[in-house]
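Each chain is listed here by its residues.
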Amino acid sequence: MAPVVVPGPAQLKERIARDVDRAVRRGRNGLRYAAGTKRLKVGQTPKDVIWQRDKAQLWRYRGGHVRYRQPLVIVHSLVSRSYVLDLYPKNSVVGFLQAQGFEVLLLDWGEADEVDSHNTLETYVDGYIPDAVAVAREVTGGDDATLMGYCMGGLLALLSVARHPELPAHNLVTMATPVDFGPLWAATAMVREGRLDPDDVVDDTGNVPPDAVARSFKMLTPTADLVQYATLWQNLWNDEYVDGFQAMAQWAGDHVPFPGATMRQLVQELVRRNALVEGTLHLGGRRVDLGAVRCPLLNVMAEHDHIVPTPASEPLTRLVGSEDAEELRLRAGHVGLVAGRAANKISLPHIAAWMQAHSDPIEETP
């Protein structure tokens, strides 16, 4: 039996002081959180709008020392706010990638209204994305660009590159991107089986309202809120943790309308027919051939992803025509790929290292 170590007076005093300090911090932070009096400002990295069409905007972030010729164009998802990629200075995908030497731009979709309800997949992959990439190249002087997409943003970027082999994509990075909708049974069972039709969740604007999007995510992890609040209580003394929790909670409850026409298309083609994996997806009258994707590809998956589980993403590397197609599996959740300690310590360093190895450095003049 190991001997019992009795703390000395100095150690005991130090422990008591630490516990008292944490108790004070826990009480202060708890009151602030309950009252909502301390909220971090999200999306703080300075940026300029360099292109806009309808609600879509291309942002170019200011600052950072650019060390690579290819600008990085991030394509965000249609179902959430893009500030998850720029929560606050210590927790920002944008800021991290700038520090790694990349010229960072982001394609934001805004908030869909009646006009956008008619947007289809073709609207994004044949229109907005190619045009935004052209502007990114013109403004930055790059001959080509690296495209990165998160969740459905990755799907849109992938489809755009596949539909337009002439698109100057130097690299393609997909993060938590679904291509095989079979493993998404928990999220899609009702619409796949016809018990729920897309029009059943479309409102008077012709779009899927934000609260319906939020409920669909909560159904996947019904006990997540309880777990998160229990963890918050344990860390309520930690100012940095509470700041991060509040920022993430703000984003998690801040969804945007989803274009109704795109929803119908996704349900009919990808959910019910799994057309992307089956090779039967047609857009604009032409079959989508993922084999037309020839640029280097990094397919990033989160092993603890409850929204896009790894089996939904892993077929991508064998479906594309790239000779250089890699997959990266990380011990993170869906959001943990891009936000929080796991992102800063695990996912973003790996992703940045791959892009650095696949980008052309700018030769520094002496």
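Every residue gets a number counted from 1 within its own chain, in the order that chain's sequence is written. Given that this is a predicted model, residues contribute local features only at a pLDDT of at least 70 and side-chain atom pairs are listed and counted only at 80 or more, while totals for whole chains, interfaces and linings are drawn from all residues. The basis for the side-chain values is all heavy atoms of the structure; hydrogens and waters are excluded.

This part covers the sheet that holds strand β7 (residues 145–150). For two strands to count as paired, DSSP must find a minimum of two bridges between them. A helix here means a DSSP run of H or I that spans at least four residues, while a strand means a run of E at least two residues long, and both kinds are numbered starting from the N terminus. Judged by pairing direction, the sheet is mixed, and its eight strands sit side by side in the order β1-β2-β6-β3-β7-β8-β13-β14 without closing on themselves. Only two strands of the sheet have a single partner each, and these edge strands are β1 (47–53) and β14 (325–330). Averaged over all adjacent pairs, the angle separating strand axes in this sheet is 20°, with direction ignored. Bridging between strand β3 (residues 72–75) and strand β6 (residues 104–108) involves four bridges; their strand directions are parallel. In the strand pairing of β6, Leu-72 is matched with Val-104. Note on definitions: angles span 0 to 180 degrees between N-to-C directions of axes, and those axes are lines fitted to C-alpha atoms, for helices only across the stretch in contact.

So, about helix α3 (residues 121–140). Helix span, expected: 1.5 Å multiplied by one less than the number of residues in the helix. In a regular helix each residue adds 1.5 Å, so 20 residues correspond to 28 Å; α3 covers 27 Å between its end C-alpha atoms and thus fits that length. Here the bend at a residue is taken as the angle between two axes, fitted respectively to the seven residues that end there and the seven that start there. Its axis deflected by about 30° at Tyr-128, α3 carries its strongest bend there, up to four residues before the proline Pro-130. Of all the residues in α3, the buried ones are Leu-121, Glu-122, Tyr-124, Val-125, Gly-127, Tyr-128, Ile-129, Pro-130, Ala-132, Val-133, Val-135 and Ala-136. Once α3 finishes, Gly-141 follows within two positions and takes phi at roughly 80°, a positive value. Buried, partly exposed and exposed residues are distinguished by accessible area as a fraction of the type maximum, computed with a 1.4 Å probe on protein chains only: under 20%, between the cut-offs, and over 50%, respectively.

Put simply, a nonpolar core is a bunch of buried Ala, Val, Leu, Ile, Met, Phe, Trp, Tyr and Cys residues held in one set by side-chain atoms that sit within 4.5 Å of each other. Formed by 95 residues in total, the largest nonpolar core has its most connected members in Leu-97, Trp-109, Leu-147 and Leu-156. Contacts are assigned to residue pairs with any non-hydrogen atoms lying within 4.5 Å of each other. Excluding residues within four positions of it along the chain, Trp-109 makes contact with Lys-55, Ala-56, Val-75, His-76, Ser-77, Leu-78, Tyr-124, Tyr-128, Ile-129 and Leu-156.

It is worth spelling out the pattern of salt bridges at this point. A pairing counts as a salt bridge when a side-chain nitrogen of Lys or Arg comes within 4 Å of a carboxyl oxygen of Asp or Glu. For the structure on display, the rule yields 10 salt bridges. Linking Lys-55 and Asp-113 is a salt bridge whose minimum nitrogen-to-oxygen distance equals 3.0 Å. Highlighted residues: Lys-55 in the loop between β1 and β2 (56–61) and Asp-113 in the loop between β6 and α3, separated in sequence by 58 residues. A residue is classified by how much of its surface remains accessible, and Lys-55, at 26% relative accessible area, is partly exposed. For Arg-329, the salt bridge is made with Glu-327, and the minimal N-O distance between the two is 2.9 Å.

This part covers unusual backbone geometry. Located in the positive-phi region is Asp-54, a residue other than glycine, with phi close to 55°. Looking at the secondary structure, you find Asp-54 in the loop between β1 and β2. Positive phi outside glycine occurs at Asn-274, with the angle close to 45°. Locating Asn-274 in the fold gives a position in the loop between α9 (260–271) and α10 (275–278). Here Asn-274 falls in the buried class, since its relative accessible area comes to 14%.

Another aspect to go through is the packing of α3 against α9. Direction vectors running N to C along α3 and α9 enclose 105°, while the axes themselves pass 8 Å from each other. In terms of axis orientation, α3 runs roughly perpendicular to α9. Residues Leu-121, Glu-122 and Tyr-124 of α3 pack against Thr-262, Gln-265 and Leu-266 of α9. Only Asp, Glu, Lys and Arg are considered charged in this grouping, and only Ala, Val, Leu, Ile, Met, Phe, Trp, Tyr, Cys and Pro are considered nonpolar; every other residue, Gly among them, is considered polar. Split by residue class, the contact of α3 with α9 holds three nonpolar, two polar and one charged. Reported orientations rely on four angle classes, namely roughly parallel under 35 degrees, roughly antiparallel over 145, roughly perpendicular from 65 to 115, and oblique for the rest.

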